[in-house]
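Chain and residue survey
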Amino acid sequence: LPGFYLSSEINGIYTYDLRFKKPNEGDYISISAAHSIEHLLATAYRNSEYAENVIYFGPMGCRTGFYLLLKDIKKEKAKKLTVEAINNALKENSVPGSKKIQCGNYRSHNLKKAKQELINYLKILKE
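Residues numbered from 1 in each chain as written. Predicted model: local features only at pLDDT ≥ 70, side-chain atom pairs only at ≥ 80, totals over all residues. Heavy atoms only, no water.

**A closer look at the overall build of the chain**
Note the following rule: Note on conventions: DSSP H or I runs of at least 4 residues are helices, E runs of at least 2 residues are strands, and numbering of each starts at the N terminus. This radius of gyration counts C-alpha atoms alone. The globule rule is 2.2 Å times how many residues there are, raised to the power 0.38. Only protein chains enter the calculation, and the probe is 1.4 Å; a residue is then buried if its accessible area is under 20% of its type maximum, exposed if over 50%, and partly exposed in between.
On a plain count of helices and strands, the chain comes out with three helices and four strands. The order of α-helices and β-strands along the chain, N terminus first, is β-β-α-β-β-α-α. Taken over C-alpha atoms, the radius of gyration comes to 14 Å for the chain, in line with the 14 Å a tight globule of 127 residues would show. The C-alpha extent of the chain, read off along each of the three principal axes, is 40 × 35 × 25 Å. Counting every position in the chain, which comprises 127 residues, the buried fraction comes to 43%.

**Considering unusual backbone geometry**
In the Ramachandran plot, Asn-11 falls in the positive-phi region, its phi being about 55 degrees despite a non-glycine side chain. Position of Asn-11 among the secondary structure elements: in the loop between strand E1 (3-10) and strand E2 (13-19).

**Things to note about a nonpolar patch on the surface**
Counted only if it meets this: Like-charged residues within 9 Å of one another, or nonpolar side chains (Val, Leu, Ile, Met, Phe, Trp, Tyr) within 5 Å, are grouped into patches, provided each residue has over 30% relative accessible area and no salt bridge. Per-residue accessibility takes into account occlusion by the displayed protein chains alone, with areas from the Shrake-Rupley method and a 1.4 Å probe. The salt bridge definition used is simple: a Lys or Arg side-chain nitrogen within 4 Å of an Asp or Glu carboxyl oxygen.
Together, Ile-55, Tyr-56 and Tyr-67 make up a nonpolar patch on the protein surface, roughly 260 Å² of accessible area in all. A relative accessible area of 36% places Tyr-56 in the partly exposed class.

**Examining the packing of aromatic side chains**
Applied cut-off: Classification of ring pairs uses Phe, Tyr and Trp, with its six-membered ring standing for Trp, and accepts pairs whose centres are within 6.5 Å; under 30 degrees between planes counts as stacked, over 60 as edge-to-face, and the remaining range as tilted.
A full pass over the atoms with the stated rule returns six aromatic pairs. Seen from their ring centres, Tyr-14 and Tyr-16 are 6.2 Å apart, and the 10 degrees between their planes marks the pair as stacked. A single burial state applies to Tyr-14 and to Tyr-16, both of which are buried. Summarising the aromatic geometry, the rings of Tyr-45 and Phe-57 are spaced 5.3 Å apart at their centres and angled 50 degrees between planes, so their arrangement reads as tilted.

**Quick word on the sheet that holds strand E3 (residues 54-59)**
In plain terms, the rule: Two strands make a pair as long as DSSP finds a minimum of two bridges between them. A fitted line through C-alpha atoms serves as each axis, taken over the contacting stretch for helices, and the angle formed by two N-to-C directions is quoted from 0 to 180°. We call two residues in contact when some of their heavy atoms are within 4.5 Å.
Across the sheet, which stays open at both edges, the four strands sit in the order E1-E2-E4-E3 with antiparallel pairing between neighbours. Only two strands of the sheet have a single partner each, and these edge strands are E1 and E3. Here the strands of the sheet are splayed against their neighbours by 15 degrees on average, with no regard to which way each runs. As defined by bridge partners, E3 adjoins strand E4 (residues 65-71) across five bridges and the pair is classed as antiparallel. Looking at E4, one finds that Val-54 is bridged to Leu-70. The strands touched by helix H3 (residues 111-126) are E1 and E2; relative to E1, the strand with the most contacts, the crossing angle is about 75 degrees.

Read these as spatial facts, not as claims about activity.
What follows is the structure, encoded as structure tokens:
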């Protein structure tokens, strides 16, 4: 089900699954929205007070969510950080790093759809 899950912990590296959609149900994040979410949240995580603990943030190939790898940040703190990152991302008026010189597929972004997916996920996190 959609939610925030600890997938694994190895030597202080925590892998979290940010599951936006229920797998294999036909409802997936559009490619352009997922791409924009990747830029928005990666930027928000890397600009947070825990920037030095962020190892990776990126999309699941199945387009149902994202992976977040953090060093020495347990689940409750990671979930709180994710809520803060989403709230910061929702304040953006453009997709960070989406200019041709910065992005390998700069035409494939959709800020409006990305924000809607983030709003929907935020509701899931607050349940």
